[in-house]
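# Summary of structural features
Listed here are the chains, written in short residue letters.
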Amino acid sequence: MSKFNALFGGKKPIIAMVHLNPLPGTPLYDAEAGIDGIVEAARRDLKALQAADVDAVMFGNENDRPYELKVDVASTATMAYVIGQLRTEIEKPFGVNVLWDPTSTVALAAATGASFVREIFTGTYASDMGPWEPNAGAAMRYRNRLNRADLVMLYNVSAEFADSLDRRALADRARSAVFSSIPDAVLVSGAITGEAAEMNALESVKAVLSTTPVLANTGVRHNTVADILKIADGCIVGSSLKIDGDTWKAVDPERAKEFMRIVKTARGH
């Protein structure tokens, strides 16, 4: 059995985002609320998502704008502290993502005991953050040096806020990444956070990856999730579960519960 299926029990998992408030040192950080404010906001979102019975949660620094390709060590340290404060309250498998830094993401997973990570590990991009050249080989070797060969690696093969300089079709890039860089699952994204991947993009990637899980990574909504799960092997969802569907607001407990009701009906069919 693959590590992905072992972790998620063979179901099409819904991985829900706990978007941390801006971290110290970033332009939008709220110094008055401080780190305690970050912990409390994350606790509220975590509680709401678990009450809605999502399958897993993922902690990310989505609001550390402008984004960086190599984050300050304070960001990773603060994320580890926040997760540590919540660790006994986490009832679901959890993952981490330090945007957009694979090394820091793997280090955070090792420090907190996360089960999975999401990042851009392969490809070459022109991005809002400048030239983007991740290194899957270095990230995987670092993972093993930290004794986390068990870590489930989710590879986003269509980077947000960027355009691939590799002009091959997305499906060809995904198939090549699976062969060359051994992800545990592949993610397909829209252009930016909260925007849906095109259905034909999702279909094309799944068509060439019959044995590798393919997940929708962005823009999954209440009115689309049932159709997406007919194609994808799961999804990652953040904005749709927030108040008014706004990425930067808190999780709306009722929206989250309704989303999971739709998911469970779809999976039942």
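Preceding this paragraph is the structure being described.
The rules we used
- Residues numbered from 1 in each chain as written.
- Predicted model: local features only at pLDDT ≥ 70, side-chain atom pairs only at ≥ 80, totals over all residues.
- Heavy atoms only, no water.
- 1 Å grid on protein atoms, 1.4 Å probe; cavity = no way out; pocket = protein on both sides within 12 Å on 5 of 7 lines; lining within 4 Å.
- Points joined across faces, edges and corners; volume = space filled by probe spheres on them.
- Nonpolar A, V, L, I, M, F, W, Y, C, P; charged D, E, K, R; others polar.
- Helix = DSSP H or I, 4+ residues; strand = E, 2+ residues; numbered from the N terminus.
- Core = buried A, V, L, I, M, F, W, Y, C linked by side-chain atoms within 4.5 Å.
- Buried < 20%, exposed > 50% of the residue type's maximum accessible area, 1.4 Å probe, protein only.
- Contact = heavy atoms within 4.5 Å.
- Axes fitted to C-alpha atoms, helices over the stretch in contact; angles between N-to-C directions.
- Parallel < 35°, antiparallel > 145°, perpendicular 65-115°, else oblique.
- Left-handed = near helix turned anticlockwise from the far one by under 90°.
- Salt bridge = Lys/Arg side-chain N within 4 Å of Asp/Glu carboxyl O.

## Comments concerning empty space enclosed by the protein
What the rule picks out here adds up to one cavity of 30 Å³ or more. For the lining of the largest cavity, the per-class residue count stands at two nonpolar, three polar and four charged.

## Concerning the layout of surface pockets
In this structure, the largest pocket occupies an estimated 310 Å³ of space. Forming the boundary of the largest pocket are 19 residues, of which Ser 158, Leu 170, Arg 173, Ser 189 and Gly 190 lie nearest the centre. For the lining of the largest pocket, the secondary structure elements donating two or more residues are β8 (162-164) and α6 (170-181). Examining the composition of the lining of the largest pocket, we find that three residues originate from one element, β8, more than from any other.

## Topic: the nonpolar core
Among the nonpolar cores identified, the biggest contains 64 residues, and Leu 20, Leu 49, Phe 59 and Phe 259 are the most heavily contacted of them. Broken down by element, this core gets its largest block of residues, six residues, from helix α2 (residues 34-51). Setting aside its immediate chain neighbours within four residues, Phe 59 contacts Met 17, Val 18, Leu 20, Met 79, Ile 83, Leu 86, Ile 90, Phe 94, Gly 95, Val 96 and Asn 97.

## Things to note about the packing of helix α4 (residues 102-112) against helix α5 (residues 136-145)
α5 packs onto α4 with a crossing angle of 20 degrees between their chain directions and a minimal axis gap of 9 Å. In terms of axis orientation, α4 runs roughly parallel to α5. α4 and α5 meet at a crossing whose hand is right-handed. For the pair α4 and α5, contact is made by Pro 102, Thr 103, Val 106 and Ala 107 and by Ala 139, Tyr 142 and Arg 143, respectively. By residue class, the composition of the contact of α4 with α5 is five nonpolar, one polar and one charged.

## So, the pattern of salt bridges
When charged atoms on two side chains of opposite charge get close, those side chains can pair. Here the structure, examined in full by the defined rule, presents 16 salt bridges. With a closest N to O distance of 2.7 Å, Lys 92 and Asp 53 form a salt bridge. Taken together, the residues Lys 92 in the loop between α3 (73-86) and β3 (94-97) and Asp 53 in the loop between α2 and β2 (56-60) connect sequence positions 39 residues apart.

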